[in-house]
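# An overview of the molecular structure
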There are 2 protein chains.
Amino acid sequence: MPAGQPDAPGGAEGRATIRDVARRAGVSAATVSRALGGDPRISQPTVERVRRAARDLRYVPDATARSLARGRTWTVALVLSRWPGPGEEAWWLPGLIQGFTAAAQAAGYVTLLAAGSGGLTGRHQLLQLLRERRVDGAAVVTGQGYDRLLEELAGRGLPLVAIGRLYPAAPVAWLAPDDVTAGRLATEHLVGLGHRRIALVAGPGELAATVDRSLGYWTALEQAGLETGPVSAAEGYQAAARLVDAHPPPTAFVVAHDLMAVGVLQCLAERGLAVPRQAAVVCLEDGPLAPALRPPLTAVRAPWEELGGRSFRRLAGSLGAGGEDGGVTGGALSPPELVVRGSCGPPPDRGRA
Amino acid sequence: MPAGQPDAPGGAEGRATIRDVARRAGVSAATVSRALGGDPRISQPTVERVRRAARDLRYVPDATARSLARGRTWTVALVLSRWPGPGEEAWWLPGLIQGFTAAAQAAGYVTLLAAGSGGLTGRHQLLQLLRERRVDGAAVVTGQGYDRLLEELAGRGLPLVAIGRLYPAAPVAWLAPDDVTAGRLATEHLVGLGHRRIALVAGPGELAATVDRSLGYWTALEQAGLETGPVSAAEGYQAAARLVDAHPPPTAFVVAHDLMAVGVLQCLAERGLAVPRQAAVVCLEDGPLAPALRPPLTAVRAPWEELGGRSFRRLAGSLGAGGEDGGVTGGALSPPELVVRGSCGPPPDRGRA
DNA sequence: GGTGTCCGTGCAACCGTTTGCCTTCGGGCC
DNA sequence: GGCCCGAAGGCAAACGGTTGCACGGACACC
């Protein structure tokens with residue numbers, strides 16, 4: 001807060017205070033506070049009178065004063081620890097934010113948005129801001145990799161929840177989309193269609209999501225008693241190329257990220273393999289590309305909005321105001337949903353394989 | 001704020017107050033306040049002593065108390081008037097939010113996020129919330145069409161800025177991406193490459209963005225002394241089909257929305273028209289699809305982040321704290337940027353046309 | 001040596017709510 | 001009739017800063 005600037009509040013000049021209401025109802029301010037707060041000591045008739053007076057005056061209690069008196073702000077911070085760089089679309093963020101704020105609003109909390117712009121001073125400013133504003137808790141959308149910010153916040157004793165996987169694991173409650181199940185669902189779908197040679201086109205290994213999604217893929221194959229196909233970590237096109245040229249080529253491809261699916265599709269098209277007739281493709285991320293590509297991609301959709309909502313409620317749990325609790329690590333999130341579009345069919349050599 | 005719940009703040013137990021600092025520095029609380037606030041009346045030595053004491057105690061002033069005393073909260077609301085429905089990706093929102101909060105943070109303000117979930121009661125809750133929390137101002141990301149919420153907020157005398165076009169126009173300051181220039185830039189690019197028959201594939205006419213983008217297209221053609229090609233408002237594929245089958249087919253397509261470009265590309269591919277060799281395509285919206293399609297689309301990118309930043313500063317203007325001002329309507333935004341990728345080349349019949 | 005004028009600080013009254021404790025009053029009980 | 005008790009509500013002190021004004025001292029000027 002820069003100092004030295006003249007203060008001239010913009011709006012609302014005449015605003016009714018609790019004392020105005022008291023006067024009008026012929027009681028004391030204390031009584032108004034209690035009547036409106038539902039204190040059982042205040043008699044019914046009085047409560048009515050106070051309510052009327054408050055309504056007549058359009059009285060809205062001042063949260064600032066309330067916070068000061070009660071030592072609690074009913075405010076939580078949603079911290080975007082790392083902003084997506086240019087070119088890297090955070091298409092999932094709006095859903096997450098929406099879910100979070102909606103849940104907060106429903107519980108009477110207000111969401112403060114804060115960006116932790118990387119560097120040391122940025123982090124320091126952020127910490128200062130959270131202390132200054134006395135937020136009751138914070139949810140941190142972690143970048144990939146371990147989050148320094150998280151550590152410092154935890155050190156402050158601030159109720160905390162992380163959104164996103166933590167590497168290395170930290171003693172902090174966290175929630176994240178269930179990427180393992182995503183991988184499993186997709187793979188099982190393909191198995192169910194009759195595919196036996198299913199390849200995984202994974203993303204860069206340092207992405208937490210990639211790791212988990214791959215894990216789901218392996219699990220599903222194992223349970224189906226199938227051998228895992230070749231894995232490729234390179235970007236879409238080359239990856240697919242290498243996989244297609246395998247001895248018996250795979251009949252299906254599980255692609256970890258939607259951008260990579262573009263490359264895969266292109267490669268298959270060049271090889272003259274029609275999707276879904278001669279090759280099936282399923283994407284583990286239902287980004288904006290999935291429905292737009294030709295053919296529209298069958299994909300697994302993570303419940304971002306729900307994730308936001310549950311993150312808040314988990315946080316509310318540590319705030320004492322009865323949200324949900326649940327140990328230190330990953331909470332149960334409803335499983336991702338398989339959105340069937342047009343990119344998967346049965347394998348071409350059905351009778352034979 | 002639901003009442004009746006026990007208040008038990010989660011974190012921070014022992015927190016230094018201004019009086020603690022005063023005691024340690026051997027002065028009064030008033031002096032601490034003034035010293036830290038840069039009041040020239042306090043002598044230099046005293047200021048130093050106070051600063052030291054404050055640092056030693058890790059004193060962070062309490063914004064709640066400050067707000068109460070000064071009648072100003074240093075908080076602005078960012079109101080998402082209408083959340084994007086499912087399937088409708090708001091890929092531009094993160095950029096906008098980022099720009100806004102960053103600017104706010106830099107000016108010492110904090111951003112409160114609020115969702116105005118449609119209905120009457122939702123609006124009412126929102127208004128209540130803004131009054132209760134005493135926000136100093138609000139920026140409303142408008143949905144399409146006229147925004148009821150905006151009207152009610154303006155009625156409250158709250159400093160306001162709208163982000164997005166207003167139809168019908170309202171007496172409210174607003175900022176929006178410069179879609180007219182976007183249309184013009186794209187069209188001029190094509191003209192510059194030698195195209196003469198340029199078609200517009202516009203979106204649904206009720207979208208404000210569509211209207212403006214089309215306007216830019218017409219302007220550019222007029223200035224180049226060219227005739228405007230046929231216009232189609234239908235969705236991508238059919239639109240392109242109709243356009244391609246015109247007498248002399250267009251050599252270039254200006255597509256208003258990136259999702260529609262998918263249809264256009266597919267249509268061209270089916271007609272055997274290679275892009276960019278035999279037809280040029282330029283997109284007026286640089287969404288996630290643009291770089292991912294084959295070929296990657298040349299597109300016009302709106303400066304969403306800057307838009308967010310300027311929106312805040314415009315708001316700050318009405319807050320008295322020297323942001324930028326500028327009448328009631330549209331502020332100057334730096335123009336959108338043409339991102340040249342692989343979908344435009346010179347027209348095929350260069351010598352002849 | 002008064003008196004006026006700065007300069008640097010302290011006093012205390014705010015800002016609008018909440019809440020511990022006291023008061024008042026009416027009634028029941030010994 | 002005195003006492004205790006519960007019910008209903010008021011008093012005033014918080015919460016942690018800000019700020020108008022008074023105050024004391026040093027200094028200059030007449």
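If you're wondering where the values come from, they're calculated on a predicted model, not measured in any experiment.

Rules behind the numbers
- Every residue gets a number counted from 1 within its own chain, in the order that chain's sequence is written.
- A letter from A marks each chain and a number from 1 marks each ligand, given out in the order of writing.
- Local features are withheld for residues below a pLDDT of 70 in this predicted model, meaning they are given only at 70 or higher, and side-chain atom pairs are given and counted only at 80 or more; totals for whole chains, interfaces and linings count all residues.
- The basis for every side-chain value is the complete set of non-hydrogen atoms in the structure, without hydrogens or water.
- Domain start and stop points were drawn from an automatic or database domain assignment.
- Starting at the N terminus, helices and strands are each numbered in turn, a helix being any DSSP run of H or I of at least four residues and a strand any DSSP run of E of at least two.
- The criterion used for residue contact is that any of the two residues' heavy atoms lie within 4.5 Å.
- Working definition: residue near molecule or strand if any one of its non-hydrogen atoms lies within 4 Å of it.
- Counting of polar contacts relies on pairs of N or O atoms within 3.5 Å, with two restrictions inside protein: one atom must be capable of donating a hydrogen and the other of accepting it, and residues adjacent in sequence are counted only when both atoms are side-chain atoms.
- Following the grouping adopted for this structure description, the nonpolar residues are Ala, Val, Leu, Ile, Met, Phe, Trp, Tyr, Cys and Pro, the charged ones are Asp, Glu, Lys and Arg, and the polar ones are all others, Gly among them.
- Residues enter a nonpolar core if they are buried and are Ala, Val, Leu, Ile, Met, Phe, Trp, Tyr or Cys, with the set joined through side-chain atoms within 4.5 Å.
- For each residue, the accessible area found with a 1.4 Å probe, counting protein chains only, is set against the maximum for its type, and the residue is called buried under 20%, exposed over 50%, and partly exposed in between.

## Concerning the domain arrangement of chain A
It is common to report an interface's size as the accessible area lost on association of the parts. We note that the domain assignment places domain 1 (18-61), domain 2 (75-177 + 305-318) and domain 3 (179-301) within chain A. Spacing between the C-alpha centres of domain 1 of chain A and domain 3 of chain A amounts to 64 Å.

## Notes on the environment of alanine 53 of chain A
Residues and elements named next belong to chain A. If you trace the backbone, alanine 53 turns up in helix H3 (residues 44-56). Separated by 27 residues in sequence, alanine 53 and glycine 26 have C-alpha atoms that sit 9.4 Å apart. In this structure, alanine 53 is in contact with Val21, Arg24 and Ala25, ignoring residues within four places of it in sequence.

## Quick notes on the protein's contact with DNA strand D
Among the 27 residues in the neighbourhood of DNA strand D, the closest are listed as Thr31, Arg34 and Thr46 of chain A together with Ile18 and Arg66 of chain B. Among the atoms of DNA strand D close to the protein, meaning within 4 Å, 61% are from sugar or phosphate groups. Side-chain polar atom of serine 28 of chain A to a phosphate oxygen of DNA strand D: 3.0 Å apart, as the coordinates give it. Here arginine 66 of chain B contributes a side-chain N or O atom positioned 2.4 Å from a phosphate oxygen of DNA strand D. Sorting the residues of the surface near DNA strand D by element identifies helix H2 (29-37) and helix H4 (63-70) of chain A together with helix H1 (18-25), helix H2 (29-37) and helix H4 (63-70) of chain B as the ones contributing at least two each. Counting residues per element, the surface near DNA strand D draws most heavily on H4 of chain B, which supplies four residues. Tallied by class, residues from the surface near DNA strand D come to 12 nonpolar, six polar and nine charged.

## Quick look at the side chain of serine 67 of chain B
Mapped onto the elements of the fold, serine 67 of chain B is located in helix H4. In contact with serine 67 of chain B, other than residues within four places in its own chain, are Thr64 of chain A together with Arg72 and Thr73 of chain B.

## Here we look at the nonpolar core
Core analysis: the largest hydrophobic core is formed by 59 residues, its most contacted members being Leu78 and Phe312 of chain A together with Leu78 and Phe312 of chain B. Residues in contact with leucine 78 of chain B, not counting those within four places in the same chain, are Ile97, Phe100, Thr111, Leu112, Leu113, Ala114, Ala139, Val141 and Ile163 of chain B. Ranked by size, the runner-up nonpolar core spans 52 residues in total, among them Val275 and Ala299 of chain A together with Leu268 and Val275 of chain B.

## Let's talk about the protein's contact with DNA strand C
With respect to spatial proximity, 27 residues lie near DNA strand C, and among them Ile18, Arg19 and Arg66 of chain A together with Thr31 and Thr46 of chain B are the closest. The sugar-phosphate backbone supplies 60% of the atoms of DNA strand C found within 4 Å of the protein. Between arginine 34 of chain A and DNA strand C, the recorded distance is 3.0 Å, taken from a side-chain N or O atom to a base oxygen. Taking aspartate 62 of chain A, its main chain carries an N or O atom lying 3.2 Å from a phosphate oxygen of DNA strand C. Of all the secondary structure elements, the ones that give two or more residues to the surface near DNA strand C are helix H1 (18-25), H2 and H4 of chain A together with H2 and H4 of chain B. Among the elements that line the surface near DNA strand C, the one with the most residues is H4 of chain A, at four residues. The residue inventory of the surface near DNA strand C, partitioned by class, reads 12 nonpolar, seven polar and eight charged.

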